[in-house]
Amino acid sequence: MKTIGVIGAGQMGSGIAHISAMAGLDVHLLDQSEEALTKAMAGIESAMVRQAAKGKVGEDAVAAALAKISTGSDYAGFGQCDLVIEAATENEDVKRSIFKVLGEYLPAHCLIATNTSSISITRLAAASDRPGKFMGMHFMNPVPVMQLVELIRGIQTEPATFRTIQDLANRLGKTVSVAEDFPAFIVNRILMPMINEAVYTLYEGVGNVQSIDQSLKLGANHPMGPLELADFIGLDTCLAIMNVLHDGLADTKYRPCPLLTKYVEAGWLGRKAGRGFYDYRGEEPVPTR
Ligand code: CAA
Ligand code: NAD
């Protein structure tokens, strides 16, 4: 494995490009938005510089890793790739339209992984030209910090594909958990209903943003409160995952909280939009309820 492509230069695609380049891989990072690519490169550089300032990596390693990342908005840049990891918006239509055309631009041996948080790997694989060389590789946010990668095989994933991706996860310094291909896999099957319940707790007035987050941080030793974490993940992503659980498992216990829907409708998507359950536009985050 020498060269990887990453589709989507948001918070996850940036993190995946960061750790891959640090591990010595050549990375081609693609986004449909020039602005996202510029923001991603600035974010990757500042995260790497922070690692160097803390003595975790040398300054030479930062320059070398940055030189390994190229960017663009054209699939033609993936001609040398051994693997492409898709980390675009959590929306099945978006992902399927990517997989429908991607194969034309890839070498025959190239594998495809998706970082989807919840969507059926089997269904996404079926939209590609190579379902046997396709699987789920689910990184956690922030990618450079979180230890886990969930690996998910689709029904057609070949054993050699799984072994290669598992080796890559180890090379990237991650610990692997294997999940079956059911809605939201393991982490989000458990985490997202808790976040959704926190939003219901707010919606019903049991607590406010500050008391709910404080309760889980100090009462259950969570590093972030559930509403702070929802903002960190992105409320659009949280809502998309709840919809996949609700549609896929047909159980009302996964009903997305109407207040979560309303925040997404307002464009208050959390930290990345400057506003969500907290307003991040000032010096300190301020609860919005
Ligand atoms: N990118 C890169 N590095 C980051 C970072 C980022 N966005 N944010 C923090 N860091 C690094 C810091 O540089 C620091 O590194 P060192 O340990 O080397 O010094 C380390 O993380 C700790 O940072 P801080 O001391 O500034 O902050 P903290 O102690 O508050 O920790 C946190 C920050 C690690 C994000 C912590 O709050 C945390 O663990 N939060 C929960 C994160 C979580 O649950 N993630 C999973 C979300 S679910 C998911 O990802 C799946 C999905 O599909 C939705
Ligand atoms: P994000 O909103 O930060 O970034 C998504 C990026 O995808 C944007 O830059 C957008 O311009 C780009 N994009 C959208 N459609 C595209 C297309 N057709 N071609 C190229 N680029 C396109 O989202 P994110 O948080 O980085 O999430 C990305 C993926 O990772 C989603 O599938 C999400 O579920 C998953 N994920 C997210 C988290 C998290 O905590 N945010 C954790 C694990 C997995």
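Residues numbered from 1 in each chain as written. Chains lettered and ligands numbered in written order. Predicted model: local features only at pLDDT ≥ 70, side-chain atom pairs only at ≥ 80, totals over all residues. Heavy atoms only, no water.

Colleague: What's the story with the overall build of the chain in this structure? I'm lost.
Modeller: When you go through the chain residue by residue, the secondary structure sums to 11 helices and 10 strands. Over its C-alpha atoms the chain spans a radius of gyration of 19 Å, differing by no more than 12% from the 19 Å that the globule rule assigns to 289 residues. Overall, the chain is about 55 × 45 × 30 Å in size when its C-alpha atoms are taken along their principal axes. Sequence separation of at least 24 residues holds for 66% of the intrachain contacts in the chain that already meet a minimum separation of 6. (Helix = DSSP H or I, 4+ residues; strand = E, 2+ residues; numbered from the N terminus. Rg over C-alpha atoms; globule rule 2.2 N^0.38 Å. Contact = heavy atoms within 4.5 Å.)

Colleague: Honestly, the site of ligand 2 in this entry has me stumped. Any pointers?
Modeller: Neighbouring residues of ligand 2: 25 residues in total, closest Asp31, Glu90, Lys95, Ser117 and Ile233. Here Ala88 contributes a backbone N or O atom positioned 3.2 Å from an oxygen atom of ligand 2. One of the side-chain nitrogen or oxygen atoms of Glu90 is found 2.6 Å away from an oxygen atom of ligand 2. Out of a free accessible area of 830 Å², ligand 2 has 88% covered by protein chains. (Near = heavy atom within 4 Å. Polar contact = N/O pair within 3.5 Å; in protein donor to acceptor, adjacent residues only side chain to side chain. Areas by Shrake-Rupley, 256 points an atom, 1.4 Å probe, with all protein chains shown as cover.)

Colleague: Looking at this model, I keep getting lost on the domain arrangement of the chain. Mind explaining?
Modeller: How big an interface is tends to be expressed through the accessible area that disappears when the partners come together. Segmentation of the chain into domains returns domain 1 (3–179) and domain 2 (189–276). When each unit is reduced to the centre of its C-alpha atoms, the spacing between domain 1 and domain 2 is 26 Å. Domain 1 puts eight residues into the contact, and the matching count from domain 2 is eight residues. The junction of domain 1 with domain 2 conceals about 640 Å² of combined surface from both sides, 60% of it contributed by carbon and sulfur atoms. For the interface between domain 1 and domain 2, the tally reads zero salt bridges. In terms of residue class, the side of domain 1 that touches domain 2 is built from two nonpolar, four polar and two charged. (Domains from an automatic or database assignment. Buried area = accessible area lost by both parts, 1.4 Å probe. Salt bridge = Lys/Arg side-chain N within 4 Å of Asp/Glu carboxyl O. Nonpolar A, V, L, I, M, F, W, Y, C, P; charged D, E, K, R; others polar.)

Colleague: How should the site of ligand 1 be read in this particular structure?
Modeller: Taken together, 17 residues lie around ligand 1, and Lys54, Ser117, His138, Asn141 and Asn188 are the ones closest in. Between Lys54 and ligand 1, the recorded distance is 2.7 Å, taken from a side-chain N or O atom to an oxygen atom. A distance of 2.8 Å separates an oxygen atom of ligand 1 from a polar atom in the side chain of Asn188. Counting residues per element, the ones that place at least two in the shell around ligand 1 are α7 (187–203) and α9 (226–233). Considering only residue class, the shell around ligand 1 consists of 10 nonpolar, four polar and three charged. Both domain 1 (3–179) and domain 2 (189–276) contribute no fewer than three residues apiece to the shell around ligand 1.

Colleague: Which parts of the structure should I look at to understand the nonpolar core?
Modeller: General note: in soluble globular proteins, nonpolar side chains tend to be found buried as a group. The biggest cluster of nonpolar side chains holds 36 residues, and the ones touching the most others in it are Leu29, Ile69, Leu83, Ile85, Met137 and Phe139. Aside from chain neighbours lying at most four places away, what touches Phe139 is Met12, Ile16, Ile19, Ile85, Asn115, Leu148, Val149 and Leu172. Tyr200, Leu202, Tyr263 and Phe277 belong to the second largest nonpolar core, which has 28 residues in total. (Core = buried A, V, L, I, M, F, W, Y, C linked by side-chain atoms within 4.5 Å. Buried < 20%, exposed > 50% of the residue type's maximum accessible area, 1.4 Å probe, protein only.)

Colleague: In this structure, what is going on with helix α8 (residues 209–220)? I would like to understand it.
Modeller: One full turn of an α-helix is made of 3.6 residues, so residues set three or four places apart face in the same direction. Compared with an ideal rise of 1.5 Å per residue, which puts 12 residues at 16 Å, α8 spans 16 Å between its outermost C-alpha atoms and is within 8% of the ideal. Of the residues making up α8, those classed as buried are Val209, Ile212 and Asp213. Down the axis, α8 shows its buried residues gathered within 95° of arc, on one side only. Of the residues in α8, the exposed ones pointing more than 90 degrees away from the buried face are Leu218 and Gly219. Next to the buried residues of α8 lie α7, α9, β9 (278–279) and β10 (286–287). (Expected span 1.5 Å × (residues − 1). Arc of directions from axis to C-beta.)

Colleague: What should I look at first to understand the packing of α8 against α9 in this one?
Modeller: Helices that pack against each other are described as a pair by the angle of their axes relative to one another and the distance between those axes. Packing of α8 against α9 brings their axes to within 7 Å, and their N-to-C directions diverge by 100°. On the basis of the axis angle, α8 is roughly perpendicular to α9. Touching Val209, Ile212, Asp213, Leu216 and Lys217 of α8 are Pro226, Leu227 and Glu228, all from α9. Within the contact of α8 with α9, the residues separate by chemical class into five nonpolar, no polar and three charged. (Axes fitted to C-alpha atoms, helices over the stretch in contact; angles between N-to-C directions. Parallel < 35°, antiparallel > 145°, perpendicular 65-115°, else oblique.)

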